[in-house]
Amino acid sequence: MELNLSNVTKNFKGLTAVDRVSCTFGPGVYGLLGVNGAGKTTLMRMLCTLLRPSAGSIELDGQDIFSLGGAYRARLGYLPQDFGFYPDLTVRDYLLYISSIKGLRPATARQRSGELMELTGLQKAAGRKMKRLSGGMKRRVGITQALLNDPEILILDEPTAGLDPGERIRFRNLLSEIARDRLVLLSTHIVSDVEYIAGQILLMKDGRIAASGTVEGLTSRMPLGVWRCVVPHRQAEELLRRYKVANIRAAAEGTELRILAERAPVSGAEPEPPTLEDLFLYTFGGEGGKDHDKI
Amino acid sequence: MTRYEIKKLFSTAGSKLALLLLLAILLYTAFSMIHDMSCPGPEGDMLQGLEAAAFMRQVQQDYTGLMDEAMLRRAVEENARLNALYGDNAMWYKTAFAPVRDLMSWTFVPAYRDFDYSVIDRLSPGEAAGLYERRVALIRDYLQTGAGAALYSRSEAAYILRRMGALKAPAAVGYTKGWDTLIQGSGLMLILASPVLAYLVSGLFSQERALRADALFFSSRHGRKKAVAAKVKAGLLTVSGLYLLLELTWAVLVLSLLGTEGGGCSVQANLFSWRSGLYNLSFFEAWLLHLACGMIGVLFLALLTMLVSAAFDSTPLAAATAFLPMLLTVFISASSLSVLNRLLYWLPEGLFLLRDELSFEAGFLQLGSAVWPMLPVLMVFYGVLCLALPPCLYQLYRRKQPR
């Protein structure tokens, strides 16, 4: 299975949300990282055939996914960023309804939704109305519905948004469990979500793939070094102005900083191995929080 | 899929409220129709409601069958006998032949719209026997030299006279309160219930976007084909199912309270159809026709509502559409513009008011010298729309792009 994107572009009334993206996905977990407004959601919606590209093509094993239509979507599982549901349906009915539009036979749907509710810890909530669920449980239902048709391609847009740290960890473990032999594309702006589970990372900036590769490969190619130093409070303010600072922590003897710089920013600064978070900071700087949530 | 779409429809508080409203409309119609029924009783008092119906049912057995010369003569003779026996109090004893007497009161009058309650007192049995001929003469005068000459074209007048001449004579009469109330009340009930039925499906398409569930819907395997068809099917099944349930409940309620007799009697021998009716129908046939017309009407309204729901992704707008024909009727009725008034004939409400549509006063469609009464025209017009709208709805919604 190979999902191939070739010069995929999407324009919205003068705004280019996705700009000539080309890449190839095979089985494995891919983390799509980028600040809000980078174009992640638009790219994912095109991969789910919800939006047609303005230019370029998306092919699965050499066939256009829009021409494949239902046959392509039968192999797809999708959790949108804004996971909408029917508030007055019970969890069980909701999953059975989604199973039906995914083309599962009623008996298979009942069996599959039962298995997945067990996997995601939703059995006790099966008879509860969707509107009575907590945010975390709704997210779990979202993940469950994406898996109903045992998809080969799983697209998860900000799946951990609104989850508490414990639930995020549970989600990561669940994803590791189900990712085998599938193509999983996971979009997030929370670096730790993908750092441990994604084999490949794609950094998306201004509608383009700015960089891609494994965590190690990407961090090793980072042109800046990472330095840890402890400085007096007044000096810390000056360093904050001059450098990209990945972390600040108050320490007994002053302020501990994690700085991205070519050379040691102060004498006594110790080099540290770069992490994905450092790379994120290097790539996106102080961006983020733009009013482009859905782009 | 369809089953879950219907489940989604009925899961909301608004839908449950709409179902309660339908029940309230049914009960209100039953109460108002039966309560308004009255007739003079044997004790010199006015009977009302079920009591009146029971009395009419009992005494009108004597005037059941073909309203032929013998029956007409018998009614006049009986009327004369009662007048002689009771004088001014005779009216309390005439309920048995009241339907036959009323037809004479509408017929042996100088002009089409006149009514003379006491005409039977002045008729001889021989004159009464000419009831059918007099009816046609009355209509002819109205259309050729009376007020009708300005309202109907020559082709329309010729059509009316041809159809009137073809009405069965003698017509079958008898106690028909059950069937008459069934058809009349059902029309009233549908005027009120049809927007509620259409309201039920107003969120069928638009709620997907309102709940932000459209992305999942369209990215599913059947999201662009079968699932959309299931939505259309769910809407049509819900509306037609509830419509039939409402109609059949109404029929069982009315006929069990007022009696099933009279299903074979002629609609043309009833007051509402006697002078202007164009159709040879029994009450049972008229009810079946009413069921078919009502089904076309409610399906059209529901489809229009669903189309707005799908096109604009707005449940409030779609819900407002459900009430649009009713508002248009009120608006056009209040207008003095004749062009607008002609539009009244074309509104789907006509499909609910069968009693009115059986009359030539419901208007005609004339193309060249060919003339058609509005009832079949409305049935074909809205019937074709009902067939054409589902594919349009399907094509419109399956091409939607979620935001």
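### Structural notes on the overall build of chain A
Link 1 in the chain: Scanning chain A from N- to C-terminus turns up 11 helices and 14 strands.
Link 2 in the chain: Here the C-alpha radius of gyration of chain A, 21 Å, is about what a compact globule of 295 residues would show, namely 19 Å.
Link 3 in the chain: Overall, the C-alpha framework of chain A stretches about 70 × 45 × 35 Å when taken along its three principal axes.
Link 4 in the chain: Of all 295 residues assigned to chain A, the portion counted as buried reaches 53%.
Link 5 in the chain: Once local pairs closer than 6 in sequence are excluded, the contacts in chain A between residues at least 24 apart make up 69%.
Link 6 in the chain: For chain A, the distance from the average position of its 39 positive side-chain charges to the average position of its 34 negative side-chain charges is 6 Å.

### Let's talk about the overall build of chain B
Link 1 in the chain: Looking only at helices and strands, one finds 21 helices and six strands in chain B.
Link 2 in the chain: Structurally, chain B occupies a C-alpha span of about 85 × 50 × 35 Å along its principal axes.
Link 3 in the chain: Taking all 403 residues of chain B together, the buried fraction comes to 54%.
Link 4 in the chain: Residue pairs at least 24 apart in sequence account for 74% of intrachain contacts in chain B once pairs closer than 6 positions are excluded.
Link 5 in the chain: A total accessible area of about 17500 Å² is found for chain B, and carbon and sulfur atoms account for 63% of it.

### Looking at unusual backbone geometry
All names here are of chain B.
Link 1 in the chain: Residue Pro170 is bonded to the preceding Ala169 through a cis peptide linkage, with omega at 0°.
Link 2 in the chain: Structurally, the position occupied by Pro170 is in the loop between α10 (154-165) and β4 (172-173).
Link 3 in the chain: With a phi close to 60°, Arg212 is a non-glycine residue in the positive phi region.
Link 4 in the chain: If you check the backbone angles, Asp313 has positive phi at about 50° while not being a glycine.

### Some points on the pairing of strand β13 (residues 254-261) of chain A
Residue and element names in this part refer to chain A.
Link 1 in the chain: For β13, a buried count of eight out of eight residues is recorded, marking the element as mostly surrounded by other parts of the structure.
Link 2 in the chain: Pairing between strand β11 (residues 225-231) and β13: seven bridges, direction antiparallel. Paired with Val231 across the strands is Thr255, a residue of β13.
Link 3 in the chain: Pairing between strand β12 (residues 244-251) and β13: seven bridges, direction antiparallel. Across the sheet, Arg249 pairs through a bridge with Glu256, a residue of β13.
Link 4 in the chain: Between β12 and β13, which pair antiparallel in sequence order, lie two residues.

### Focus: the confidence of the model for chain B
Link 1 in the chain: Across chain B, pLDDT averages 93, with 100% of residues at or above 70.
Link 2 in the chain: Scoring the predicted complex yields pTM 0.88 and, for the interface, ipTM 0.87.

### Observations regarding the nonpolar core
Link 1 in the chain: Among the nonpolar cores identified, the biggest contains 206 residues, and Leu3(A), Leu5(A), Tyr94(A), Met67(B) and Met104(B) are the most heavily contacted of them.
Link 2 in the chain: In terms of residues, this core owes the most to one element, helix α16 (residues 283-312) of chain B, which gives 14 residues.
Link 3 in the chain: The contacts of Tyr94(A), once residues within four sequence positions are left out, are Phe83(A), Gly84(A), Phe85(A), Tyr86(A), Leu89(A), Met130(A), Val141(A), Gln145(A) and Leu216(B).
Link 4 in the chain: Formed by 11 residues, the second largest nonpolar core is a distinct cluster that contains Ala236(A), Leu239(A), Val245(A) and Ala261(A).

### Describing the interface of chain B and chain A
Link 1 in the chain: In this complex, chain B contributes 27 residues to the contact, which on the side of chain A involves 30 residues.
Link 2 in the chain: With both chains or domains summed, chain B and chain A bury close to 2500 Å², and 60% of this area falls on carbon and sulfur atoms.
Link 3 in the chain: Sorting the residues of chain B by area buried against chain A places Tyr4(B), Leu216(B) and Arg221(B) first, and these three jointly supply 28% of that buried surface.
Link 4 in the chain: Here chain B and chain A share one salt bridge between them.
Link 5 in the chain: Two residues, Lys7(B) and Asp93(A), come together in a salt bridge whose shortest N-O distance is 2.9 Å.
Link 6 in the chain: For the pair chain B and chain A, the interface holds nine residue pairs in polar contact (both at pLDDT 80 or more).
Link 7 in the chain: Only α1 (2-10), α12 (206-210) and α13 (214-219) of chain B provide two or more residues apiece to the side of chain B that touches chain A.
Link 8 in the chain: By residue class, the composition of the side of chain B that touches chain A is 10 nonpolar, eight polar and nine charged.

### Side note on the domain arrangement of chain B
All names here are of chain B.
Link 1 in the chain: The domain boundaries assigned to chain B delineate domain 1 (2-35 + 174-398) and domain 2 (68-170).
Link 2 in the chain: The distance between the C-alpha centroids of domain 1 and domain 2 comes to 35 Å.
Link 3 in the chain: Each partner contributes residues to the interface: domain 1 has 18 residues there, and domain 2 has 26 residues.
Link 4 in the chain: In this assembly, domain 1 packs against domain 2 so that about 2100 Å² is buried in total across both faces, 58% of it on carbon and sulfur atoms.

### Overview of helix α5 (residues 106-119) of chain A
Residues and elements named next belong to chain A.
Link 1 in the chain: With 14 residues, α5 should cover 20 Å at 1.5 Å per step; its first-to-last C-alpha distance of 20 Å lies within 8% of that length.
Link 2 in the chain: Among the residues making up α5, those that are buried are Ala109, Arg112, Ser113, Leu116 and Met117. Taken down its axis, α5 places every buried residue within 135° of arc, on the same side. Those residues of α5 that are exposed and aimed more than 90 degrees away from the buried face are Arg110, Gln111 and Glu118.
Link 3 in the chain: Where α5 is buried, its residues contact α4 (91-101) and α6 (135-147).

### Focus on the packing of aromatic side chains
Link 1 in the chain: Under the counting rule described, the total for this entry stands at 26 aromatic pairs over all chains.
Link 2 in the chain: Aromatic pair Phe83(A) and Phe85(A): ring centres 6.0 Å apart, planes at 45°, arrangement tilted. Both residues of the pair, Phe83(A) and Phe85(A), count as buried.
Link 3 in the chain: The residue whose ring lies beneath Arg163(B) is Tyr279(B), and the NZ or CZ to ring-centre distance is 5.0 Å.

### Re helix α11 (residues 276-284) of chain A
For an α-helix, the turn length of 3.6 residues means that residues three or four places apart are oriented alike.
Residues and elements named next belong to chain A.
Link 1 in the chain: The buried fraction of α11 is high, at seven of nine residues.
Link 2 in the chain: Leu276, Asp278, Leu279, Phe280, Leu281, Thr283 and Phe284 are the residues of α11 that are buried.
Link 3 in the chain: Positive backbone phi, at 55°, marks Gly285, one or two positions downstream of α11.

### Digging into a nonpolar patch on the surface
Link 1 in the chain: Taken together, the side chains of Leu17(B), Leu20(B), Leu23(B) and Leu27(B) present a nonpolar region at the surface, about 420 Å² in accessible area.
Link 2 in the chain: In this fold, Leu27(B) is placed in helix α2 (residues 13-35).

### Digging into the packing of helix α8 (residues 131-144) of chain B against α10(B)
Residue and element names in this part refer to chain B.
Link 1 in the chain: At a minimum axis separation of 10 Å, α8 and α10 run at an interaxial angle of 180°. The orientation of α8 relative to α10 falls into the category roughly antiparallel. Side by side, α8 and α10 meet where Val136, Ile139, Arg140, Leu143 and Gln144 of the first sit next to Ala157, Ile160, Leu161 and Met164 of the second.
Link 2 in the chain: Among the residues forming the contact of α8 with α10, the class breakdown is seven nonpolar, one polar and one charged.

### Here we look at the pattern of salt bridges
Think of it this way: side chains of opposite charge can pair up when their charged atoms draw near.
Residues and elements named next belong to chain A.
Link 1 in the chain: The final tally for this structure, using the stated rule, is 32 salt bridges over all chains.
Link 2 in the chain: The partner of Arg228 in a salt bridge is Glu272, and the shortest N-O contact between them spans 3.6 Å. With a gap of 44 residues between them, Arg228 in strand β11 and Glu272 in strand β14 (residues 270-272) connect regions that are remote in the sequence.
Link 3 in the chain: Judged by its relative accessible area of 26%, Arg228 falls in the partly exposed class.
Link 4 in the chain: The network of salt bridges with shared partners includes Arg228, Arg249, Glu256, Arg258, Glu270, Glu272 and Asp278.

Reading guide: rules and limits
- Counting starts from 1 at the beginning of each chain's written sequence and moves along it residue by residue.
- All chains are assigned letters beginning with A, and all ligands numbers beginning with 1, in the order in which they are written.
- Thresholds applied to this predicted model are a pLDDT of at least 70 for local features of residues and 80 or more for the giving and counting of side-chain atom pairs; totals over whole chains, interfaces and linings are not thresholded and use all residues.
- Computation of side-chain values: all heavy atoms of the structure, hydrogens and water removed.
- Helix numbering and strand numbering both begin at the N terminus, where a helix is a DSSP run of H or I of at least 4 residues and a strand a DSSP run of E of at least 2.
- Based on C-alpha atoms, the radius of gyration is set beside the globule rule, defined as 2.2 Å times the residue count to the power 0.38.
- Only protein chains enter the accessibility calculation, which uses a 1.4 Å probe. A residue is then buried if its area is under 20% of the maximum for its type, exposed if over 50%, and partly exposed in between.
- Should any heavy atoms of two residues lie within 4.5 Å, those residues are counted as being in contact.
- For the purpose of counting charges, residues Lys and Arg are taken to be positive, whereas Asp and Glu are taken to be negative. His and the chain ends are not included.
- By convention, the charge on Lys lies at NZ, on Arg at CZ, on Asp at CG and on Glu at CD.
- Residue exposure ignores everything except the shown protein chains as possible cover, and the areas themselves are Shrake-Rupley values with a 1.4 Å probe.
- When DSSP finds at least two bridges between two strands, those strands are taken to pair.
- For every residue, the pLDDT score states the predictor's confidence, bounded by 0 at the bottom and 100 at the top.
- In this description, a nonpolar core means a group of buried Ala, Val, Leu, Ile, Met, Phe, Trp, Tyr and Cys residues linked to one another through side-chain atoms lying within 4.5 Å.
- Accessible area that two parts lose when put together, with a 1.4 Å probe and added across both, is what the buried area reports.
- We define a salt bridge as a contact between a side-chain nitrogen of Lys or Arg and a carboxyl oxygen of Asp or Glu at a distance within 4 Å.
- By the criterion applied in these results, polar contacts are pairs of N or O atoms within 3.5 Å in which, for protein atoms, one can donate a hydrogen and the other can accept it, and in which residues neighboring in sequence qualify only through two side-chain atoms.
- When residue character is reported, Ala, Val, Leu, Ile, Met, Phe, Trp, Tyr, Cys and Pro are called nonpolar, Asp, Glu, Lys and Arg charged, and the others, Gly included, polar.
- In this document the domain limits rely on a domain assignment from an automatic tool or a database.
- In a helix, the anticipated span is given by 1.5 Å times the number of residues less one.
- For this quantity, the arc is that covered by the directions from the helix axis to the C-beta atoms.
- Only Phe, Tyr and Trp rings are paired, with Trp represented by its six-membered ring, and only when their centres lie within 6.5 Å; those with planes under 30 degrees apart are stacked, over 60 edge-to-face, the remainder tilted.
- Counted as over-ring charges are cases with an Arg CZ or a Lys NZ within 6 Å of the ring centre that also lie within 35 degrees of the ring normal.
- Each patch groups residues whose relative accessible area exceeds 30% and which form no salt bridge, using 9 Å between like charges and 5 Å between nonpolar side chains of Val, Leu, Ile, Met, Phe, Trp and Tyr.
- Note on method: axes are straight lines fitted to C-alpha atoms, helices fitted across the in-contact stretch only, with angles between N-to-C directions ranging 0 to 180 degrees.
- Roughly parallel refers to an angle under 35 degrees, roughly antiparallel to one over 145, roughly perpendicular to one between 65 and 115, and oblique to any angle outside these ranges.

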